[in-house]
Amino acid sequence: MTPAATLVNVTATGDVVTGPGMPLNLVNALPEACLGDLVAGPVCVGAITVTTAVNHLVKGRPAACLSSVVSGVNPVIGAPVATAVVVVPNINRIV
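These figures come from a predicted structure and were not determined experimentally. Sequence order as written defines the numbering, with residues in each chain counted from 1. Note on the predicted model: pLDDT of at least 70 is required for a residue's local features to be given, and 80 or more for side-chain atom pairs to be given and counted; whole-chain, interface and lining totals, by contrast, use all residues. Excluded from the side-chain calculation are hydrogens and water; included are all heavy atoms of the structure.

**A word on the overall build of the chain**
Think of it this way: any DSSP run of H or I at least four residues long counts as a helix, any run of E at least two long counts as a strand, and we number them from the N terminus. When its secondary structure is counted, the chain shows zero helices and 10 strands. Tracing the chain from N to C terminus, the helices and strands come up as β-β-β-β-β-β-β-β-β-β. The globule rule puts the C-alpha radius of gyration for 95 residues at 12 Å, and the 12 Å found for the chain is close to it. The buried label applies to any residue whose accessible area, calculated with a 1.4 Å probe on protein chains only, is under 20% of its type's maximum; exposed applies above 50%, and partly exposed to all values in between. A burial count over the chain gives 43% of its 95 residues as buried. Residues count as neighbours in contact if any of their non-hydrogen atoms are within 4.5 Å of one another. The contacts in the chain between residues at least 6 apart in sequence include a share of 55% that link residues at least 24 apart. The Shrake-Rupley method, run with a 1.4 Å probe, gives the accessible areas here. Residue values count only the displayed protein chains as cover. For the chain, the exposed area adds up to about 4600 Å²; of that, 70% sits on carbon and sulfur atoms. In this treatment the radius of gyration is a C-alpha quantity, and the globule benchmark scales as 2.2 Å times the residue count to the 0.38 power.

**Regarding the pairing of strand β6 (residues 45-50)**
A pair of strands is considered paired only if DSSP assigns at least 2 bridges between the two. Across two bridges, the pairing between strand β5 (residues 38-40) and β6 is antiparallel. Directly across from L38, in β6, lies its bridge partner A47. With antiparallel pairing between neighbouring strands as the criterion, β5 and β6 make up a hairpin whose turn holds four residues. Across five bridges, the pairing between β6 and strand β9 (residues 69-73) is antiparallel. Looking at the pairing, G46 lines up with G72 of β9.

What follows is the structure in C-alpha cells.
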C-alpha cells in the first residue's frame, strides 16, 4: 500500500505528471493520476505504464501511486527512458 499519485506529482527525473487524470476523483483538490496518464518534462516524455495498485480502480482504470513506472523518450536525443513517480505528498490517501 502506497500513497496515491495526482496530477503535478514529480518523477525521479524531475518530470511532471500532466494528465488527463480523473477530474472527478480528487485527492487534496487535485485529480487522481491513473495508468496511461501522460508525463512531460526535460528528461522524459511518456506515460505511466506500470502501477502496483492494480486492484484499486478509478473509473475503470488502475490508480497510479508512489513508485509507478513511467516509460517514454528523452525529448532532446530520443533515447528511451524509464523512471518512477517519487514525489507524492498525498500521504492521507493510500491505494
